[in-house]
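Report on the structure
Listed below are the residues making up each chain.
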Amino acid sequence: VTENRIHTLMHDPVYRLGVAWQNVGYNQPPHTSFYLGHGMEEPPAPKILAGSRLVDTGTIHVLAHQEGKKAVVNITAEEMQLAAETMKANTIIVRVNGGLDLTKFDVSVPSQSIKAVKGKSVKRVTFTTNFGSVTLSVNELSNRIGVESEKLVFTISTLSGDVLSEEQKALTGDQPVYDFSLSLDGNMVTDFTESNGNSIEVEVPYTLKVGENKGTVPIYYLSDRGELVKVNASYHEGIAAFKLKQF
């Protein structure tokens, strides 16, 4: 009988989601978020909520509810509070996991929870999905939230060819076209012009082509006016990163 004790592996957010992925996504062995073996340090006890939600070190792990090819996620004020209490680098991360056949993610957050976590020194909130991640300034968001505001919704999707014009399809070729949107109580938030620079940080998966410049890889997205926009992103280890002032 050993005197060493740790929480079960299913208490670990990374391991638990890895087990869930066996049923909805890519089949690979689950791993823990910490070193498990001789000489290991005692891992911290994660804060766990009921259902398919886990909150650990500032990250809210969510297994998405699927409606066809759309994932719908509703984050609670309690989850935002727990994330703020355990965060690192002044950032809350909402990590949404879903099936590989998904084409759209809708993530809603109680508006007042954004204002509440701002008071706990949270500077950024990052929404991460299969398609990549978008980081927004909590200060910018908080400035737009009134006392009666209820819900903030972030949406990211990849567009199929049937919604693009022939000219747009010819321009983008086989590259994905993204659609980002942010709404506050049903009203679209399109720009962050109050900031002194581009305050929307975006990272998406990208496969570098032969001879392509890592400093100027082309990424396409559809603006709120329905216009195709091309941005030059920087490439590093499978990720294309760029910044925006508006969607």
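All figures in this text were calculated on a predicted structure; none of them were measured in a lab.

1. Observations concerning the overall build of the protein chain
Helices and strands together make up the secondary structure of the protein chain, namely five helices and 16 strands. Computed over C-alpha atoms, the radius of gyration of the protein chain comes to 19 Å, within 12% of the 18 Å expected from 2.2 N^0.38 for 247 residues, which places it in the range of a compact globule. When its C-alpha atoms are laid out on the principal axes, the protein chain stretches across 70 × 50 × 35 Å. Sorting the 247 residues of the protein chain into buried and exposed places 42% on the buried side. The long-range fraction of contacts in the protein chain, counting pairs at least 24 apart against all pairs at least 6 apart in sequence, stands at 67%. Within the protein chain, the 28 negative side-chain charges are centred at a point lying 3 Å from the centre of the 23 positive side-chain charges.

2. Topic: the packing of helix α2 (residues 77–86) against helix α3 (residues 111–118)
The interhelical angle for the contact between α2 and α3, taken along N-to-C directions, is 20 degrees, at an axis separation of 9 Å. Judged by the inter-axis angle, α2 sits roughly parallel to α3. At the point where α2 passes α3, the crossing takes the right-handed sense. Listed contacts from α3 to Ala77, Met80 and Ala84 of α2 are Ser113, Ile114 and Val117. Partitioned by chemical class, the residues of the contact of α2 with α3 number five nonpolar, one polar and no charged.

3. What about the packing of aromatic side chains?
Enumeration over the complete set of coordinates arrives at five aromatic pairs. Among the aromatic residues, ring-to-ring pairing joins Tyr178, Phe180 and Tyr221 into one connected group.

4. Considering the pairing of strand β2 (residues 53–56)
Alternating residues of β2 divide into Arg53 and Val55 and Leu54 and Asp56, and every residue in both groups is buried. Bridge analysis of β2 against strand β3 (residues 59–63) gives four bridges, and the strand direction is antiparallel. Note that in β3 the partner of aspartate 56 across the bridge is threonine 59. Here β2 folds back onto β3, and the loop between the two strands holds two residues, one of which, threonine 57, carries a positive phi near 45 degrees.

5. Focus on the nonpolar core
Ile60, Ile75, Ile92, Leu136, Leu182, Ile219 and Phe247 are the most contacted members of the largest nonpolar core, which has 53 residues in total. The residues touching isoleucine 219, leaving out its near neighbours within four places in the chain, are Tyr178, Val204, Tyr206, Val229, Lys230, Val231, Ala233, Ala240 and Phe242.

6. Brief notes about helix α1 (residues 13–24)
Over its 12 residues, α1 extends 16 Å from the first C-alpha to the last, a length consistent with the 16 Å expected when each residue adds 1.5 Å. Turning to α1, the residues buried within the fold contact β2, β3 and β6 (91–97).

7. With respect to unusual backbone geometry
Positioned with a positive phi, asparagine 90 is a non-glycine residue whose angle comes to about 55 degrees. The residue asparagine 90 is located in the loop between α2 and β6 in this model. Of the residues examined, asparagine 90 reaches a relative accessible area of 28% and is grouped as partly exposed. Unlike most non-glycine residues, aspartate 185 shows phi in positive territory, near 55 degrees.

8. Some details on the pattern of salt bridges
Two side chains with opposite charge may pair up if their charged atoms get near one another. Per the counting criterion, the structure on display carries four salt bridges. One salt bridge connects aspartate 106 with lysine 70, and the closest N-O pair in it is separated by 3.9 Å. One end of the pair, aspartate 106, is in strand β7 (residues 104–110); the other, lysine 70, is in strand β5 (residues 70–74), with 36 residues separating them in the sequence. Of the residues examined, aspartate 106 reaches a relative accessible area of 15% and is grouped as buried. Where glutamate 140 meets arginine 144, a salt bridge forms, and the shortest distance between an N and an O atom there is 3.4 Å. Placement of the pair is glutamate 140 and arginine 144 together in helix α4 (residues 138–144), with a separation of four residues, close to one helical turn. The buried category is assigned to glutamate 140, whose relative accessible area is 6%.

9. Some remarks on the environment of glutamate 212
Mapped onto the elements of the fold, glutamate 212 is located in the loop between β13 (200–205) and β14 (217–222). Glutamate 212 sits 117 residues away from arginine 95 along the chain, and the two C-alpha atoms are 30 Å apart. Beyond its immediate sequence surroundings of up to four residues, glutamate 212 is in contact with Tyr206, Thr207, Val217 and Pro218. At 2.7 Å, the side chain of glutamate 212 forms a polar contact with the side chain of tyrosine 206.

Calculation criteria
- For every chain, the first residue of the written sequence is number 1, and numbering continues from 1 along that sequence.
- In keeping with the model being predicted, local features are shown solely for residues with a pLDDT of at least 70 and side-chain atom pairs are shown and tallied solely at 80 or more, while totals for entire chains, interfaces and linings include all residues.
- Hydrogens and water molecules were not included; the side-chain quantities draw on all heavy atoms of the structure.
- A run of H or I in DSSP becomes a helix once it reaches four residues, and a run of E becomes a strand once it reaches two; helices and strands are each numbered from the N terminus.
- In this treatment the radius of gyration is a C-alpha quantity, and the globule benchmark scales as 2.2 Å times the residue count to the 0.38 power.
- Think of it in three bands: with a 1.4 Å probe and only protein chains considered, a residue is buried below 20% of the maximum accessible area for its type, exposed above 50%, and partly exposed in between.
- In what follows, residue pairs with any heavy atoms lying within 4.5 Å of each other are defined as contacts.
- Under this rule, positive means Lys or Arg and negative means Asp or Glu; His and the chain ends count for nothing.
- All charge positions are set by atom: Lys at NZ, Arg at CZ, Asp at CG, Glu at CD.
- To get an axis, a line is fitted to the C-alpha atoms, and for a helix only the part in contact is used. The angle between two axes follows their N-to-C directions and goes from 0 to 180 degrees.
- Convention used here: angles under 35 degrees read as roughly parallel, angles over 145 as roughly antiparallel, angles from 65 to 115 as roughly perpendicular, and any remaining angle as oblique.
- Each crossing gets its hand from how the near helix is turned against the far one by less than a right angle, where anticlockwise is left-handed and clockwise is right-handed.
- Note on residue categories: nonpolar means Ala, Val, Leu, Ile, Met, Phe, Trp, Tyr, Cys or Pro, charged means Asp, Glu, Lys or Arg, and polar means any other residue, Gly included.
- In this analysis, rings of Phe, Tyr and Trp, with Trp reduced to its six-membered ring, are considered paired at centre separations within 6.5 Å, and the interplanar angle assigns stacked below 30 degrees, edge-to-face beyond 60, and tilted for intermediate values.
- Should DSSP find at least two bridges between two strands, the strands are taken to pair.
- Buried residues of nine kinds, namely Ala, Val, Leu, Ile, Met, Phe, Trp, Tyr and Cys, make up a nonpolar core once their side-chain atoms join them within 4.5 Å.
- The span expected for a helix works out to 1.5 Å for each residue beyond the first.
- A carboxyl oxygen of Asp or Glu within 4 Å of a side-chain nitrogen of Lys or Arg is what we treat as a salt bridge.
- Definition of a polar contact: a pair of N or O atoms within 3.5 Å, with one able to donate and the other able to accept a hydrogen when the atoms are protein atoms, and with sequence-neighbouring residues admitted only if both atoms are side-chain atoms.

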